[in-house]
Amino acid sequence: MLFSRGAVATAVLRRTFRPSSSAVASSSSAAELLFGADVRGQTPSSANNGKVSPHLKVATSAYSTTASICQSSSINEPNPSLFHSDRFSGAALDADQADAVSAVVREDLDALLRADVRAMGSLLGNIIQERNGEDIFNKVEQLRTLAKEWRKAGAGRDASRAAEADEIFSGMSEFAASLSTEDLTTVARAFTHFLAIANAAEAHHRARLIRTDVKINARNPGYVGALSTKRDSCGGAIPHLVNELGIDPKAVYNTLINQTVELVLTAHPTEVNRRTILDKQKRVQEVLTEADAMRSSGPVSIYGESLLNDPLNREISAIWQSDEVSRRKPTPQMEAERSTLVIETVLWKAVPSFLRKLNATMKSVLDEEHGLPLDAAPIKFASWMGGDRDGNPNVTPDVTREVCLANRAKAARLFAAD
């Protein structure tokens, strides 16, 4: 054996829990919710539905602490639900209340995201306890608590607290090294799935913020409301170029209609998630979208809440009980089929929708005569799958021909369905 269990644990922990320097710092990030400071507005309590909340005594030769794992935990909340009204601070995303929405959103952009992640994380925690037992859940919480303390101590980046951070990290490493292979696998899966559902919530939240931005600016004169006004969106960039930088609208128009972005689909080796896992994560986002609509419509009945809380619980339970890794090596034909799935389920509707919004924005900002021409193709798609023969002996001329025919048949079926 080339490496000791402790050395492997140390390397994995440093990659897993250290804040990434390339990531945008955000108090609402998945890592912050799981390992960082407690979610704002949550006060630790010693009572949990009449039961005394467990206090986990984390002790190693290098570090020891006693941490209260109760309502402040992002994966051990009593009665997790998407409809805890006290967490939304009245953040009803109603276009008829644009001024109120604007004030709420600016005060706390991420309240809904934190609430969603806490609800889903706690559902996952409940499922782990039910399926794998209290003992393994406590081990997950022990490691989470140590990681949280390490981040509070600067995660090795604060020179004034370097000794404290090293001591805590040694405790994390020793604790991970003490776990059996089976327990280590389960603990790793718990963190993996928490971060995955948190990422799903963040992806949904980005779309939610864009919708909210559109609603907030809906009353502004001249705003067509098709795209977000953010600078990294065409809805913000085009008005900025014309109105603030004084660039000739015709020059902006000619640039837009003559440029093309080609997106190349490829079977990237780092994409190991199975289709079934991706489908479940997509359904989680759909539930969150439905919850937004239900919350913004006014008070929700207990039955109405159950119509979304129950499906969310089922999806997260199914994710936990599904095998994350495909046990069969995909053929080039299978890889190509996965690419057409992306086109069918996402791009087939998303790209035309974006082009219609771009057209509306161009007409609003440039003028009615400078919309997107019907023969313009700002976005094109290509694929390496079934045609990339660089080092793959399984991609033969016959395979390429078969994949091309399958892609043409898929395109014909999509056009026929439209």
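Look up a bit, the structure's there.
Described below are features of the structure shown in this document. Please read all numbers here as calculations on a predicted model, not as lab measurements. (Residues numbered from 1 in each chain as written. Predicted model: local features only at pLDDT ≥ 70, side-chain atom pairs only at ≥ 80, totals over all residues. Heavy atoms only, no water.)

1. What to know about the packing of helix α4 (residues 111–132) against helix α5 (residues 134–152)
The line we're drawing: Here an axis means a line fitted to C-alpha atoms, over the contact stretch when the element is a helix, while the angle between two N-to-C directions is reported on a 0 to 180 degree scale. Under the DSSP-based scheme used, a helix requires at least four consecutive residues in state H or I and a strand at least two consecutive residues in state E, with every element numbered from the N terminus. Oblique is the label for any angle not covered by the other classes, which are roughly parallel (under 35 degrees), roughly antiparallel (over 145) and roughly perpendicular (65 to 115). Should any heavy atoms of two residues lie within 4.5 Å, those residues are counted as being in contact. By the convention adopted, Pro, Cys, Tyr, Trp, Phe, Met, Ile, Leu, Val and Ala count as nonpolar, Lys, Arg, Asp and Glu as charged, and the other residues, Gly among them, as polar.
For the pair α4 and α5, the least separation of the axes is 7 Å and the interaxial angle reads 140°. When the axes of α4 and α5 are compared, the pair comes out oblique. Of the residues in α5, those touching α4 at G125, I128, Q129 and N132 are E134, I136 and F137. Partitioning the contact of α4 with α5 into residue classes produces 3 nonpolar, 3 polar and 1 charged.

2. Side note on the packing of aromatic side chains
What counts here: Only Phe, Tyr and Trp rings are paired, with Trp represented by its six-membered ring, and only when their centres lie within 6.5 Å; those with planes under 30 degrees apart are stacked, over 60 edge-to-face, the remainder tilted. Exposure is judged per residue with a 1.4 Å probe applied to protein chains only, and the accessible area is read against the type maximum: over 50% gives exposed, under 20% gives buried, and values in between give partly exposed. Criterion for a charge above a ring: Arg CZ or Lys NZ at most 6 Å from the ring centre, at most 35 degrees from the ring normal.
Enumeration over the complete set of coordinates arrives at 2 aromatic pairs. Here W150 and F169 contribute two aromatic rings whose centre-to-centre distance is 5.0 Å and whose plane-to-plane angle is 45°, an arrangement assigned as tilted. Taken together, the residues W150 in helix α5 and F169 in helix α6 (residues 162–178) connect sequence positions 19 residues apart. Like W150, the residue F169 is buried in the burial classification. The interplanar angle of 80° and the centroid separation of 5.1 Å between the aromatic rings of W348 and F415 together place this pair among those described as edge-to-face. Of this pair, W348 sits in helix α12 (residues 332–365) while F415 sits in helix α13 (residues 397–417), and the two are 67 residues apart along the sequence. The positively charged end of R189 is found above the aromatic ring belonging to W320, 4.2 Å away from the centroid.

3. Topic: the pattern of salt bridges
Let me state the cut-off plainly: Take a side-chain nitrogen of Lys or Arg and a carboxyl oxygen of Asp or Glu: if they are within 4 Å of each other, that pair is a salt bridge.
As enumerated under the stated definition, the model contains 13 salt bridges in all. Across the pair R208 and D116 runs a salt bridge, and its minimum N-O distance is 3.1 Å. Taken together, the positions of R208 in helix α7 (residues 181–216) and D116 in helix α4 put the pair 92 residues apart, joining distant regions of the chain. Overall, R208 belongs to the buried group, its relative accessible area being 1%. As a salt-bridge pair, E164 and R161 come within 3.0 Å of each other at their nearest N and O atoms. Several salt bridges converge on common partners, so that one network encompasses D116, R208, R211, D292 and R295.

4. Focus: unusual backbone geometry
Its identity is not glycine, yet A155 carries a phi of approximately 50°, on the positive side. With respect to the helices, strands and loops of the structure, A155 is situated in the loop between α5 and α6. The class for A155 is buried, based on a relative accessible area of 2%.

5. Let's talk about helix α9 (residues 249–258)
Going by this rule: Each direction from the helix axis to a C-beta atom contributes to the arc, which is the arc of those directions.
Taken together, the buried positions of α9 are V252, Y253 and L256. One side of α9 holds all its buried residues, which, seen down the axis, span an arc of 100°. With respect to the buried face of α9, the exposed residues turned more than 90 degrees away are K250 and N258.

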